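Tertiary structure, described
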Amino acid sequence: MKERLQVEMHFPPGFLWGTATAAHQVEGGNRNSWSAWEDQGGGRVFGDQVSGPACNWWAAGQAEADFARAAAMHNNALRLSVEWSRIEPEPGQWDAAALDRYSTMIDALLAHGLTPMVTLHHFTNPLWLEERGGWLHPDTPQHFARFAARVAEALGDRVTLWCTINEPMVYSVVSYLDGRWPPGHSNLGEAMQVVAALVRGHAAAYAAIRALRPGAQIGFAKHQISFAAGTPLIGHLGARVLNTLFNEAIFGPFNGKPLRLPGLTVDIPAAQDTLDWIGLQYYSRQYVYLKPGGEYLGLLGMGVPDGRARGPAAWGELAPEEALRRIRHLHRLVRRPIYITEMGLPDADDSLRPAYLARTLGAVWKACMHSYPVRGFFFWSLVDNFEWAEGYDPRYRFGLYGVDFTTQAREERRSARLYGAICAANALTAAMVREHAPEAFSSLFPVPTAAR
Ligand code: FCB
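First, a word on scope: everything that follows refers to the structure included in this document. (Residues numbered from 1 in each chain as written. Predicted model: local features only at pLDDT ≥ 70, side-chain atom pairs only at ≥ 80, totals over all residues. Heavy atoms only, no water.)

**Thoughts on the overall build of the chain**
Applicable threshold: Numbering goes from the N terminus for both helices and strands, where a helix is a DSSP run of H or I of at least four residues and a strand is a run of E of at least two. Within these notes, the globule rule equals 2.2 Å times the number of residues to the 0.38 power, and the radius of gyration is based on C-alpha atoms. In this scheme, a residue with accessible area under 20% of its type's maximum is buried, one over 50% is exposed, and one in between is partly exposed, where area comes from a 1.4 Å probe on protein chains only. Whether two residues touch is decided by their heavy atoms; if any such pair falls within 4.5 Å, the residues are in contact. In this tally, Lys and Arg are treated as positive and Asp and Glu as negative; His is ignored, and so are the chain termini. One atom stands in for each charge, and that atom is NZ of Lys, CZ of Arg, CG of Asp or CD of Glu.
A count of helices and strands for the chain gives 15 helices and 15 strands. A compact globule built from 452 residues would reach a C-alpha radius of gyration of about 22 Å, and the chain, at 21 Å, matches this within 12%. With respect to the three principal axes, the spread of C-alpha positions in the chain is 70 × 55 × 45 Å. Counting only residues that meet the buried cut, the chain has 60% of its 452 residues in that class. For the chain, contacts bridging at least 24 residues in sequence account for 74% of all contacts bridging at least 6. Positive and negative charge centroids in the chain, built from 42 and 44 side chains respectively, lie 8 Å apart.

Written out as structure tokens, the structure is:
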């Protein structure tokens with residue numbers, strides 16, 4: 001009888017397995033900086049779409065139905081965000097009904113055995129805050145801390161894991177430099193100011209939550225890009241520069257050093273020792289090349305060489321094995337426990353996702369074996385959702401469950417079955433890969449064909 005390879009890659013005991021979501025992308029019916037942006041049309045969102053009902057999570061029982069799907073996948077955690085504009089619709093006015101709805105969601109998560117991770121800022125601002133200048137207004141970090149305290153008061157008896165801010169560099173760059181997200185500015189100076197404000201906001205929120213909930217575990221989620229040289233010399237140098245600016249610079253103040261950005265050097269001492277953990281969000285590799293007058297520093301562009309993109313080219317190149325390097329790099333920058341707070345890919349027909357998931361987790365497992373303190377993994381995302389400027393563009397479907405946005409029907413994808421098997425076993429095994437993602441087998445287990 002043919003001997004088949006029986007490898008089992010076990011994850012550490014207590015490892016958190018979940019998915020990540022964000023309020024505006026799933027709830028529906030929000031009135032915030034993003035809905036105002038959508039309403040303006042003019043190509044700001046794909047096909048001039050609006051988020052509308054999204055995945056209908058705000059309606060009673062709807063988020064809960066998706067939580068049941070997460071539980072059926074044997075997840076033991078779930079990352080969601082709370083929408084500031086719902087909780088504080090006017091400055092200093094708190095909406096008790098909104099807090100109650102979130103409280104109900106947290107209870108439902110716990111009833112399903114899902115440890116909640118709650119994000120406080122995921123790209124959206126209340127309109128009153130946006131209108132007074134958003135994160136360029138000097139009071140915003142304090143407003144954010146007051147909001148964080150209110151949420152910690154309401155939910156902190158059941159929530160331990162807090163993520164203050166999602167992707168501060170992405171938010172600053174895309175909203176204030178690329179101008180593709182609200183408020184649509186293209187101003188390097190402003191973008192860098194916003195990075196500093198977000199660091200201050202994190203630090204202030206950290207202190208506010210910690211004062212109320214001494215047991216809280218607080219961090220933020222950092223998007224890391226693998227920058228590669230698209231051309232010799234300048235491409236190589238450009239990749240290094242962008243790596244320093246985008247992936248590394250923000251960590252200065254957390255390590256007692258200044259925040260050093262183009263045109264801005266500032267000390268933010270309040271940020272020192274305000275990370276109980278750090279969140280890694282890793283999606284793709286981008287190639288940097290010389291582009292006089294280009295988007296980055298007026299000199300550089302980013303893209304994927306022809307033929308290397310498997311999904312939409314703007315998304316970059318999928319390079320799941322790079323997850324190991326990203327973990328190592330992040331750990332060098334911040335010596336704290338790591339949660340992988342997002343990883344995923346746009347893949348409407350789920351043809352790439354199972355292999356991508358398996359190969360990513362192979363890399364994460366290696367990191368655990370090398371004693372990097374990786375504590376959990378949150379796949380982006382549980383369900384298809386409203387993908388910001390890409391709206392409901394059918395090419396940008398990220399869910400383990402598909403969503404039909406006209407009927408709200410959910411469809412379990414092949415990748416959901418693989419993820420369920422992994423989470424149930426707290427392990428990735430050769431048998432699972434053989435069954436659910438055979439196309440990843442040879443890269444995960446480079447063994448002679450006879451043993452496959
Ligand atoms: C991340 C965002 C998340 C989602 C995924 C695809 O950068 O945090 O909201 O848009 O990308």
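**What to know about the pairing of strand β14 (residues 409-412)**
For clarity, the cut-off: Paired strands, in this sense, are two strands between which DSSP finds at least two bridges.
Here strand β13 (residues 401-404) runs beside β14; their pairing, made up of four bridges, is antiparallel. Its bridge partner lying in β14, Tyr 401 is registered against Glu 412. Taken together, β13 and the strand that follows it, β14, pair antiparallel across an intervening segment of four residues, in which Gln 408 is found at a positive phi of about 65°.

**Examining the site of the ligand**
Selection criterion: By convention in these notes, a residue is near a molecule or strand provided one of its non-hydrogen atoms lies within 4 Å of it. Any N or O atom pair separated by 3.5 Å or less is treated as a polar contact, with the protein-specific requirement of one donor-capable and one acceptor-capable atom, and with residues adjacent in sequence counted only for side-chain atom pairs. Calculation of accessible area relied on Shrake-Rupley with a 1.4 Å probe; when residues are assessed, cover is drawn exclusively from the protein chains displayed. Any residue with an atom within 4 Å of a point lines the site, the site being either a cavity, points on a 1 Å grid over the protein atoms alone where a 1.4 Å probe fits but cannot get out, or a pocket, an open set with protein on both sides within 12 Å along at least 5 of 7 lines. Should more than half of a molecule's atoms lie within 2 Å of a pocket's or cavity's grid points, that molecule is taken to sit in it.
In the region of the ligand, 14 residues are neighbours, and Gln 25, His 122, Asn 166, Glu 167 and Glu 387 sit closest. Within the contact set of the ligand, an oxygen atom lies 2.9 Å away from a side-chain nitrogen or oxygen of Asn 166. Notes on the ligand: free accessible area 290 Å², of which the protein chains cover 95%. Placement of the ligand is best described as lying within the largest pocket.

**What about the layout of surface pockets?**
Selection rule: Grid points are joined across faces, edges and corners, and a volume is the space filled by probe spheres set on the points.
Here the largest pocket defines a volume of roughly 1000 Å³. In terms of lining residues, the largest pocket is bounded by 43 residues, among which Val 174, Asp 178, Arg 180, Ile 225 and Met 302 are the most central. Mapped onto the lining of the largest pocket, the elements with two or more residues apiece are α8 (168-176), α9 (188-212), β6 (217-229), α10 (234-248), β9 (278-290) and β10 (300-303).

**Let's talk about the environment of Arg 310**
Following the sequence through the fold, Arg 310 ends up in the loop between β10 and α11 (323-333). Judged by relative accessible area, which is 58%, Arg 310 ranks as exposed. In contact with Arg 310, not counting residues within four places along its chain, are Leu 318 and Leu 352.

**What to know about empty space enclosed by the protein**
Basically, it comes down to this: Classification convention: Asp, Glu, Lys, Arg as charged; Ala, Val, Leu, Ile, Met, Phe, Trp, Tyr, Cys, Pro as nonpolar; all other residues, Gly among them, as polar.
One pass over the full model with this rule turns up one cavity of 30 Å³ or more. What the largest cavity holds in volume is close to 30 Å³. Every residue along the wall of the largest cavity is listed here: Thr 21, Ala 22, Ala 23, Val 26, Glu 27, Trp 57, Leu 80, Ser 81 and Met 105. Those elements that place two or more of their residues in the lining of the largest cavity are α1 (23-26) and β3 (77-81). Across the lining of the largest cavity, the residue classes break down as six nonpolar, two polar and one charged.

**Looking at the environment of Ser 172**
Relative to the helices and strands, Ser 172 is located in helix α8. When the C-alpha atoms of Ser 172 and Gln 193 are compared, they prove to be 8.6 Å apart, with 21 residues separating the residues in sequence. Sequence-distant contacts of Ser 172, that is, excluding residues within four places in its chain, are made with Leu 177, Ala 191, Val 194, Val 195 and Leu 198. A polar atom in the side chain of Ser 172 sits 2.7 Å from the backbone oxygen of Pro 168.

By themselves, these observations are geometric and do not establish any function.
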